[in-house]
Every structure is written in C-alpha cells, then in structure tokens.
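Listed below are the residues making up each chain.
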Amino acid sequence: MLKQWYKSGSPYIWLNAGAIAISMIMVVGLIGLIAVRGLSHFWPAAVIETTYTVPDEEPVRLLGTVRRSETVTATVVREAGFYVPEDQMIVTRHLLQLGNRDITSRDFAWYIGDHMGEWTYPENALVLERMTWGNFYGYLEAILEDGEVVAEGEAAWDELYERVARAVDLRQQILQIERYDIGGIAYQQEQIRLAQRRLELRGEDTPEAMAELEEQHAALQEEYEELDLHRNDLRRQMDRDSVRAETAEGRTVTIAMSDIVRAARPNVMSFGEKIGHYVDSFKEFVFDYPREANTEGGIFPAIFGTVLMVIVMSIIVTPVGVLAAIYLREYARQGPFTRLIRICVNNLAGVPSIVFGVFGLGFFVYFLGGAIDDQFFQAAQPAPTFGRPGLFWASLTLALLTLPVVIVATEEGLSRIPKSVREGSLALGATKAETIWRTVVPMAAPAMMTGLILAVARAAGEVAPLMLVGVVKLAPNLPMDGNFPYLHLDRSFMHLGFHIYDVGFQSPNVEAARPLVYATALTLVLIIIVLNLTAIAIRNRLREKFKSDSD
Amino acid sequence: MSNESHETHGSPPESPLTPLASSGYSSLTAPATGIRKWRGVKNGISRYFVGVGGVSVIIALGLIFLYLFIEVVPLFRAASIEHIATYPAPGSDAPTLHVAMERYMEVGVRFAQDGSVTFFDPATGEVKLEEMLPIPEGVEITSFGAGEPRTQLVAVGLSNGEFIIVQHDEDLSYPDDVRLVTPKLVYPFDDKPMAGDDQGRPITSIGVQQGSGGTIKAAISTDDGRLRLIEFSVRRTLFATETTRNAYDLDSPDTTINRLMISMDMADLLVGDAEGYVHYYRIRNPADAQFMESQRVVSRRGAQALGEDPEITTMKYLLGTVSLVVGGSDGSLTQWMLVRDDENVRRLTEIRSFTPHEAPISSINPEYSRKGFVTADDAGNIGIHFSTSHRTLLSKHAVDDRIRFAMLSPRANGLFLLDESERLHYYLVRNDHPQTSFHALWQQVWYEGYEDPQYRWESSSATDEFEPKFSLVPLTVGTLKAAFYAMLFATPLAIMGAIYTAYFMTPKLRGIVKPSIEIMEALPTVILGFLAGLWFAPFVENHLPAVFSVLILMPLGILLFGLLWSMIPAKTRSTIPPGWEAAILVPVIIFIGWACVKMSPLLDVWFFGGDMRQWFTDIGLTYDQRNALVVGIAMGFAVIPTIFSITEDAIFNVPKHLTQGSLALGATPWQTMMKIVILTASPGIFSAVMIGLGRAVGETMIVLMATGNSPVTNFNIFEGMRTLSANIAVEMGETEVGGTHYRILFLSALVLFALTFVFNTIAEIVRQRLRKKYASI
C-alpha cells in the first residue's frame, strides 16, 4: 500500500503543499509578530513585586514588568554567570524591566524563575515615564509643592495625575516657543547674515544697507530675549511640583514634575483607564518628537519625512515616467530597438538600490549640488547648501529608482486600451495628440495610479540608498516649516526605515529601544501593505473594466 | 484648407484613417481653419515633447552606468609628470648630499658636501636662506644619512668621529590670510657636533631614526670597520628636558659597510654592505643588541654569465619602515620585509619585485604618506612604483645624464631630480590612485606585516603608515555566500510552493495565497533585517537544536501526515476535497515547529552537553551570533516571493490542452506535472531563479543588519560576511570625495550593477523566448 501511495505521486504533492503552507505561515507569522510586539508596547503592563533569593546571598526585592520569558538549558545560564543547582538541567528565566536607570543602572535584567518568590501586584506601584533616564518604578509616597507635602497616601494619586497634566501642558507651551518662535527667529537671523554676506560678495555692502540689516537683526534679538524671559518663567512654574516615591530597594527619591511625561498605576487601573493610557501613548508615538537618542517618545519627524520625501518623489517620477511610457508605446517605432530599451528598463528595476544611492551621492549631491552651490549659494559657503545630502536629492534618487516601476505599469495600462478606442477617436477626426491625451491617457490613468502606488510603496520601504543621500538619525528641523520658503528641499530628514535601522542597531540601549522599533516597523508595514492592497484593487478593477469594454 | 497645410505644421498622424476624417471635416467647416492649424501645431508639439521627454528619460537611465564608469576610470590611470624648471643646484658649488621639499612645495632644501644648507624656491631655484652646519675647522663631512622622510631628520658623519643631527623644518604663518612658509634648521639636541666614535676615526656611514617617543637612535660605522649604535633618550619633566646619550659597540660584519637603516619602532637595524648582503640586527634593547642573519638581497648572476655579481646600489625603507626596496647595479628592484618563518624567526624575505631598470639604480625614495616610491638610474630614467598594487605607474627617460637623486614632495605631487652635473630638475607629478590594480583588487597580496599573501579588505586607517587593503575578493565571496544560502533556503520552498499553488490548489485558496505572497515581496527589507538581527539571530543561537530538528522533522512529519490522511476512510476524507492539502497542513506544521522549539533545550542537554554553540566551538567551528544561516533565512524570505510569483505564472500559463492530453492518456497528476508542465515551464522557472539571485546579490539592509559585517573569505554557514552592497552602505559616508577609497566603492557598485544586470538580462531573454514558445504551442 505504501508503494502504491508513493507511485501515485501523493507524497510529492504533500511536500509541495507543505512548502506553500510554510511560506504562508512565515508571512502571517512575521506580520503577526511585528503587530503583537509593536502594539503591546503601549499597553500598561502589570507591575510585579517579588523577592529574589539566590542561595548564599541577601534576598533582593524586585519591582518591575516582565518583558520576556524563555526556557533554556542550565549550562547556558551558568555560562552567563547565574547560579543554578548542579542537578538542574532546564531553567526558565524572565527578563524584567526594572527601570530606574539613574539609580541602579540596571534597567533590564534577567532573573531565574526558580529563585523568585511569589509574584504579587502591589496597589501603590507607580510607573513614571520620564524625559530622561527611562522609566521609573517605585511606590508613591507623597506629592510636593515647592518642597512642601500637599498630598499623601491614596489622595496623592489624584493629585499626581492632575499635576502631571499641568506640567505636560506647560512643557508643551515651552516646546511651542522653542521650536516655532525661537526657531523662527534663529532662522531669520541666519537669513540676515546670509544677506549681508551676499552684499559683501557683490561689493554692494554700503554702510546704509548693512546698518539696515543690522537693525533688523537687533530687532529680532530683542524679540528673542522677550521670548526667552517668558520661557524661563514657564520653566519656573513647571519646576514647582515634585513627587516623592520609594524604590524597590527602599530608597526614597524625589522626582521633579517637569521630568515626568506620564504617570500610571497599572495594577489598579481599570480596563477603560488602560485603554485611555494606551490611546494616549499611541498618540504620543505618532505625533511627538523622539526623546533620549530616539529610544523614547514619538516618531513624528520620521513619518513626516517619509511622507514628504515620497510626495516630492511622486511629483518628479509621475510625469517623467508617464512621458517615457507614452513615448515607448505610442510614438516610438516598435522593433528590436524598443524591445531592447524595454528589457533595459525592466532590468533597471532589478538593479540593487544601493547602486542608485551611490549614483545619487556622486552625481546629484557632489556634482550637481556642488555646482548649484557655486552658482547660487555662494553666500553660505563654505557650508554646503545643496552640496550635501538632503530631501531633494533623496527624492530624486528614489524617483530614478522607481522610474522603471512607473514606466512598466503605465505601458501595461496603455497596451490594455483596446485598439478600437484609438481607432474610433481617430475616425472622428481627432489628431494623434488629441487621441492620446484626451482618450487613451485618461483611460490608462488607473494603471498610472497603480504604477505610482507601487512606486510609492517601494520608495517608502527603501533605506539603503537614503542612507547615502539624505537621511539622518536626528534632524533638528522638519524639512517643512513656517519660515519662507516653507519647503526646505536642502534639509536632511528622518525616515521610518532608517529609524528602525538606527534605533535597533546603533542605539546604546537596545533593550529599551526594542519595543519602539517594533512599533515603528509596524507603522511602516501598515503603510506599505495598505498602499499595495490599493494598487492591487485598482489593478483588478481595471482589468475587469477593460475585459468588458473590449468584448 | 487641405491636407498640405496640415502637413506643413506637423506631421500627419500615422493612422490612415485620419486624413480621410480631417478632409471631410474641413470641407464642412471652412471657418475653423485657425483651430485646425492650432490643432496641427499642438499635435506637433505633443509629438516633439513626448519624444524629447521619452528619449531623455531613457538616456538618463543609461547615464547611471556611464557616470559610475567615469568615476571608476581614474583608478586605472597611470602617473604623469610635467617639467617645470631646470636650474643649477642653488647654493654652494660643493656636491649635493640631499634634497627635499616641504608640503606646500614652496621651499626646497639642499645639503651640500661643504656643510652648507640652502633653502630655495623649487620653481625658480632662487635662494631663500643659507646656513652652515656647525662643522669645526679642518673637519670634513664623510658620510650622510636621513631618517624617515616625515621626520625631516638628517645626520652627517664627520672625519673626526663626530656627527651632527639636524632637522630641516619650517614655520607656517598666515599674514594677511596668505600662507607664508619660513624655513629653518632645528637641532634636536645640541647645535654642536656630538661624539660618535671614541677613537675619533672618520665616520664612513651613518643612519639615523626617530621613534615615536622622541627617542633618536643613530648607527655609525668607521673606516676601520667598527659598528656603533648611539641612543639618545629624551625625558621630559615639567621643568626641563633631559637627554641621555648611550653608545654601544655592535659585532661588525666582516665586510665594507656602506648603508645603515634603523626602523621607526627602534627595533631593527639593517646594515647594507658592498657585496650585496643586508645584515639584520635586533636592537630593541641596545645593551644586548643581537645579530640575527645575513641575507643576499640582489640576485647573483648565473655561473656562466660574465662580469661580477651585482651589488646593492641603493636601498630605502618605504613609509612606516616595515619593508624596504633594494635597487641593484643590475637595475633590479625588489621589496623585502622581515617575515616570521615556520620556526617563528623573523627573516628578511623578498615579497615582490618590480619592473627592472636597464641601468644601475641610483636612487630610491619613498612617498611620505603612501606605500609608493620613485626610482632613478644611471641612464637618466625614472620610475614611479607602488608597492601594494605592484604597479609601475610611470617609466620615463627624463634626463640625458646620470640621475643622482630622485625625491618626491610630501604630497607626492612634486619631484626633484638631481643629475650628475649638479643641475636640479623640478617636476609636477600627477599620481592620484596608485593603490589599485587588477592584482590588488582580485588577487592575493602580500601586505606588510603578514606572513603570506592574502585577500583582505581593510580600508580605514588608524595611522598614516597604514597600508590600505583593497581586495574585493572577501566582499565578492561574502556577496555570493549570502546569496547562495538565501537561494538554498528560498528556491525549494518557492518553486515547490509555486508548483502546488499553480497546479494543485483550489482557485479559492489560490486567490488568497497569491496576493499574500505578492505583498510579502513589498515588505521593506529593513524590517526583515531588523527582525533577523534582533529577534531571529538570538533565537537561533538559543535554539540551535530546534533549527536542525525542524529541518529533519518537518518533511518527515508532512509525509507521515500525508500517509495517515490516505489511510482514513474515504468518506471522512472527502469532506475536504483535494486542493486543500496546504490548509490542512497548517496546524500540522505549526505543531511540528512548536514541538521542535519546546524540545530544543532537552535535545541540547541530551546530545550537546547543554550548549550546542559551545559544542560547535569545541569541534572547531567558529560560531557568530549573526551568521550566514540567519542571513540565508532572512534574505531567503525576501527572495521567496520573487521566485514564487514568476514560477507560478510560468506554470499556470502552460497551455491547458497539454496537461489535459497527458491526463487523458492515463498519467497521474504528478506525472503530468513532472513530465509535461515542469519541462514546458522550465525556462520560466530558470528566469525566476535568476531574478531571485539578482535580488539576493544586491540586497543591502538584511545583510547589513543580520551579519557582523566582518569581511571574511570563507563559506562557513555559522560565520558572518560582508557583502559588496553592505560595504558601500557602511563605508561610503566616511570616504574622501574623489579619493581612491571613494572610487573603489564606486567600482564595487559598478560590479554589483553589472552582476545584477547580467542575471536580469538572461532571465528576461529566457522569459521572452518562453512567451514566444507558448504562443506557438
């Protein structure tokens, strides 16, 4: 029977079925892994308290959240320097986030499950998200105002939430002033300096002209000083309150309210409160700026940079790609030469993206950018303006990279337009240009859209070339702001993909950054999957439409 | 208005229908002539605009290749020199001992036999400053030696057994923002001659060197054949500098010594004699300096050849004083280095020889910041060579006279030649990229400080003396290694999956599976890379037994399940129709995977002593956490969708009448698959694999994140690698624009470009053939 089963070829079919099942499990598993890890980051996890007793050592009290657990062999754990009894073979260990990096410098640590006492969930466990030094874990004692205790015990919690909200509000105001008002003044002052230098270069630096600029500069300086006073006042107000708490080791610490981003009491919070906390954290993640070397806070500049870069790229690549496709399909004489060009364009889609990056850096940044600087930005020299990696060059490089995608998709769309449509238009007396621009191109527009969306999806996920032509780990300014000319194409920018690479691999505290990287990855995956699904949907609808048209 | 006017304004549309249509139109509405004209113009403009636009886009794409090529070409350009001036040696009429130039080529210096030192303008020979060395009355200069060129240190030995050490230096100042170079002489110890030989015999040969700590060592030999070493150690305290001088007598070789060279680490003394030998002394601790060996450095003539054996006519250390170049009276040029042999003894070993001159070599002088050197000979020829790349960049007849000195400027952009009749020739040199050659990029090179020739990529330098190692072999091997393991993982999964999806799967399931896998293709590789590096690599390290047990148990488990499935009663079986096998297998596969992971620690304890990683090390395999296995799987993941979707298309598009015919003749579906479908679709599958390979070769982020990026040249699956693309990403930011390293990175981009272009073109051509074939079936 076994022989017959083998002869029927069924084992091979099962193996083939296994291959596709494995592939599917991998795809779904991968996206699931990212989704679970990325989304769970914002959930206020329960805080456990336990005593950790290693034989022959003082017991230690631990307070923190369990990040990961795993089962490994005793040998591995022993090699890592843990004590495990001789006869034990398998060990379960837990990675605890203990926070308090400023106090213990051990914010993440592995603990052997067998040495842990019972896990309890203390009600007054406090988790503070701070501006610096990561999270704080402890027990709330009191709220202080100007060093005086204003609330203790249970009452302190309400007071805490209220005063944290006040401090956060004040910080927002300060940030507003620093980022927009003071930033704007600094930008204008720099413009005045450049204007002066320009006059000097042209030899038109008459005392009157210079004095006038000098006067503007002074006015701005005055404005700045006023803002500075206001800011300092806000800072003083923010420094009013502080929190007193006890750490797991029993030390009492006082934390300034100005240092706190968010406070939580995970073991008591109701489900609804947890949802609220979750939404709040998520909002911060999407709309805020990063903190602490990108390992905390939000990814707004990265999202903004990615989107803006993609938009600029689309503006460049669409007309150019469509034009090339129309030429190839409608005007060029079909023959071996056009076939050759088509093969080349197709192949270009397979050229490694890093090659485009190298080209962009050499040709766009150093060659073109250098020439532009010499021509138009002499005043800023020796500091380069366009002669250094920036948004425009990154967009241009990616436009080149995605050009084949747009050309191929558009050509496919054009070739799907039934011949009868063209002939009908010509028969009615339209010129060739009219036929193409009024009939064929509008009909092929969905195909162009598909091409564009695919190009955008590819560009949004591409990192390697961007590392060379314009992406930085931390951009001081967004490439678009309230200062004329509003869109600063010469600025370098942040990018989701590079953010993942940078935070995951270059950051000093990988363990702390890990959840954020997963969340960032999830954002990127979602953007790209949505874009691709849109493209697929458009393509399918288009196919259906022309199937019925040509019948 | 008729067709003619239409034609004058723009070419008519190609369709034969249009003239008919337009003429009918014109006859009906004559007043619309203006509009018609305008439409014709618009048609022309549109045609022109699209044509220009389309062609220029295509040209722009071609430009990429061209630009990369242009950036690479200078790497292989030879050196060139341009004659600027010739003038009689400035200063005194006495014979010249030494000439040199400072960094900006504004001041040259000449030491002459009568003790005069002349600073002059290299371009004109105009004297800027003249000084005399403090030589006592009635004493003559009997020997001359120079340290490493960068130290600008020279020593002159006198006829009374004394010697002088002096530095030709310059001050830089910027009055009125213009650079001003003021030359000067600096005496490191004393501006009086110092005692060298206690017996007061003339010094016939002298060598000097300055170590990094400021220590200066000088070696002298006297006319009665004694060899001495003098050490000056400098101790700087807060208030004063203390110099102590110690002299040591060494066992002199029983020959005529005429060259003394000390290495910069103050450990080696090389003594050249008149017979073609170099004697090597270990002098790190001068009190017990040891003679190590004697080595003949110019080859003997064959027994039957006439004439005497060739001698050493000149020898010099290259930059960093690790290796030396020896010029012989037979015109030979060889490079020697102290290399540890099998018994761990350092021996003077010939590591390469350069294109010989036809006349005896008269002068060799190294570059100041690279491992190149300039040579000159008795017939007036000069040569510019580079050690690492084994290149002779210039070989030229310069002067119709014997050249006594050829000396490069510190930036290797200027050259002095001094001929026998004391004329100085000044040249500008262009030699930007001597470091690359086919040999240096693709073959084993014997680098300084290594025991044998090797493939190495080490581009960044910690010190000036560093010899950059630009072998593309480790990177190319790394690229192929990563691609190989990725394909090993991806090809079977993707092709088998495609076979099933295209031929056996129910259309309903196919409608879900295919788009899902296609979406996987669009997944940013940075995400795969980060998961591979941060999650999968540690996971694999902790669950190594699981990886191997999955490899074995997964196919077995699937087969076993298939067998069991065929055994259950047909009635139950038919509730799930054929074509849904993959869906039924999902829980089975998940279970097997889960079981393997759970079993992993147990397997580890049972078979590998509790730590499989340690076990690998014990049996002699290096294990890196981020290794080729992890990269293979992660990159395989990125390649699967590419191969899958093209293969699936190829199989799905095999004409149905072929398969139906086969099935009708009684073949089983699997037989039809293997004998008919796969064969027909094989070109398509081949092109899918090629495109997948192209993608694997060029992938950057996954390798960058999932390996340690160490440029090793092996195929060990448990070690990492550095690929061409990751190397560009890592190093491009830190290179000097237009420098050799920069251009070599462009070269590696060009190599990548070419590699993938070839793979893709083959794939595309095969695919077009296939398309034609289907059309004819």
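Procedures and definitions
- Residues numbered from 1 in each chain as written.
- Chains lettered and ligands numbered in written order.
- Predicted model: local features only at pLDDT ≥ 70, side-chain atom pairs only at ≥ 80, totals over all residues.
- Heavy atoms only, no water.
- Helix = DSSP H or I, 4+ residues; strand = E, 2+ residues; numbered from the N terminus.
- Buried < 20%, exposed > 50% of the residue type's maximum accessible area, 1.4 Å probe, protein only.
- Contact = heavy atoms within 4.5 Å.
- Areas by Shrake-Rupley, 256 points an atom, 1.4 Å probe, with all protein chains shown as cover.
- Pairing = 2+ DSSP bridges.
- Axes fitted to C-alpha atoms, helices over the stretch in contact; angles between N-to-C directions.
- Salt bridge = Lys/Arg side-chain N within 4 Å of Asp/Glu carboxyl O.
- pLDDT = per-residue confidence, 0-100.
- Buried area = accessible area lost by both parts, 1.4 Å probe.
- Phe/Tyr/Trp six-rings, centres within 6.5 Å; stacked < 30°, edge-to-face > 60°.
- Lys NZ or Arg CZ within 6 Å of the ring centre and 35° of its normal.
- Left-handed = near helix turned anticlockwise from the far one by under 90°.
- Nonpolar A, V, L, I, M, F, W, Y, C, P; charged D, E, K, R; others polar.

Participant: Report on the overall build of chain A, specifying residues and quantitative values.
Facilitator: Looking only at helices and strands, chain A features 16 helices and 12 strands. Principal-axis analysis of the C-alpha atoms places the extent of chain A at approximately 105 × 90 × 40 Å. Here chain A holds 551 residues, and 53% of them are scored as buried. Within chain A, counting contacts between residues at least 6 apart in sequence, those at least 24 apart form 68% of the total. When the accessible surface of chain A is summed, it comes to about 24800 Å², and 57% of that surface belongs to carbon and sulfur atoms.

Participant: Which residues make up the sheet that holds strand β13 (residues 227-236) of chain B, and what values do they have?
Facilitator: Whenever strands of a sheet pair, they do so through backbone hydrogen bonds, lying parallel or antiparallel. Residue and element names in this part refer to chain B. Spatially, β11-β12-β13-β14 is the arrangement adopted by the 4 strands of the open sheet, whose pairing is antiparallel. Each having just a single partner strand, β11 (203-210) and β14 (241-250) make up the two edges of the open sheet. Averaged over neighbouring strand pairs, the angle between their axes works out to 15° when direction is ignored. Bridge analysis of β13 against β14 gives 10 bridges, and the strand direction is antiparallel. Bridging from a neighbouring strand, Ser 233 pairs with Thr 244 of β14.

Participant: Describe the pattern of salt bridges, and please don't skip the residues or the numbers.
Facilitator: Under the counting rule described, the total for this entry stands at 65 salt bridges over all chains. When salt bridges with common partners are traced through the structure, they connect Glu 145, Glu 159, Arg 163, Arg 166, Arg 240 and Asp 241 of chain A into a single cluster.

Participant: So what's going on with unusual backbone geometry? Which residues, and what values?
Facilitator: Unlike most non-glycine residues, Ser 105 of chain A shows phi in positive territory, near 55°. If you trace the backbone, Ser 105 of chain A turns up in the loop between α4 (101-104) and β4 (108-112). The exposed category is assigned to Ser 105 of chain A, whose relative accessible area is 58%. Phi is positive for Glu 422 of chain B, close to 60°, though the residue is something other than glycine. The class of Glu 422 of chain B is buried, set by a relative accessible area of 16%.

Participant: Which residues make up the confidence of the model for chain B, and what values go with them?
Facilitator: All names here are of chain B. Averaged over every residue, the pLDDT of chain B is 86; the share at 70 or more is 95%. Between residues 1-30, whose pLDDT stays under 50, and residues either more than four places distant or in other chains, the model counts 31 contacts. For this predicted complex, the interface confidence score (ipTM) comes to 0.90, while the overall pTM stands at 0.88.

Participant: Break down the interface of chain B and chain A for me, citing the residues and quoting the values.
Facilitator: Residue-level contacts link 103 residues of chain B with 101 residues of chain A. Both sides together, the interface formed by chain B and chain A hides about 9100 Å², and carbon and sulfur atoms give 80% of it. The three residues of chain B that bury the most area against chain A are Leu 61, Leu 534 and Trp 670 of chain B, which together make up 7% of that side's buried surface. If you look at where chain B meets chain A, you find 1 salt bridge. For the salt bridge of Arg 39 of chain B with Glu 434 of chain A, the shortest nitrogen-to-oxygen distance reads 2.7 Å.

Participant: Lay out the packing of aromatic side chains in plain terms, naming residues and giving numbers.
Facilitator: Taken as a whole and assessed by the stated rule, the structure comprises 58 aromatic pairs over all chains. For the pair Phe 377 of chain A and Phe 386 of chain A, a centre-to-centre distance of 5.6 Å together with 50° between the ring planes defines the contact as tilted. Under the relative-accessibility criterion, Phe 386 of chain A is labelled buried at 15%. An angle of 25° between the planes, with centres 6.4 Å apart, marks the rings of Phe 504 of chain B and Trp 670 of chain B as stacked. Taken together, the residues Phe 504 of chain B in helix α5 (residues 473-504) and Trp 670 of chain B in helix α14 (residues 669-698) connect sequence positions 166 residues apart. Site record: aromatic cluster; members linked through ring pairs are Phe 359, Phe 363, Phe 364, Tyr 366, Phe 367, Phe 377, Phe 386, Phe 392 and Trp 393 of chain A together with Tyr 67, Tyr 742 and Phe 746 of chain B. Positioned above the aromatic ring of Tyr 277 of chain B, the side-chain terminus of Arg 296 of chain B is 5.5 Å from the ring centre. Here the guanidinium or amino end of Arg 510 of chain B rests over the ring plane of Phe 652 of chain B, the centre of that ring lying 3.8 Å away.

Participant: With reference to specific residues and values, describe the packing of helix α13 (residues 656-664) of chain B against α14 of chain B.
Facilitator: All names here are of chain B. α14 packs onto α13 with a crossing angle of 145° between their chain directions and a minimal axis gap of 10 Å. Relative to α14, the crossing made by α13 is right-handed. Here Leu 658, Thr 659, Ser 662 and Leu 663 of α13 come into contact with α14, specifically with Pro 669, Thr 672, Ile 676, Val 677 and Thr 680. The residue inventory of the contact of α13 with α14, partitioned by class, reads 5 nonpolar, 4 polar and no charged.

Participant: Got a sec to walk through the pairing of strand β1 (residues 48-52) of chain A? Specific residues and values, please.
Facilitator: All names here are of chain A. In terms of burial, β1 is a largely internal element, 4 of the 5 residues being buried. As paired strands, β1 and strand β2 (residues 60-73) are joined by 5 bridges and run antiparallel to one another. If you follow Glu 49 over to β2, its bridge partner there is Leu 63.

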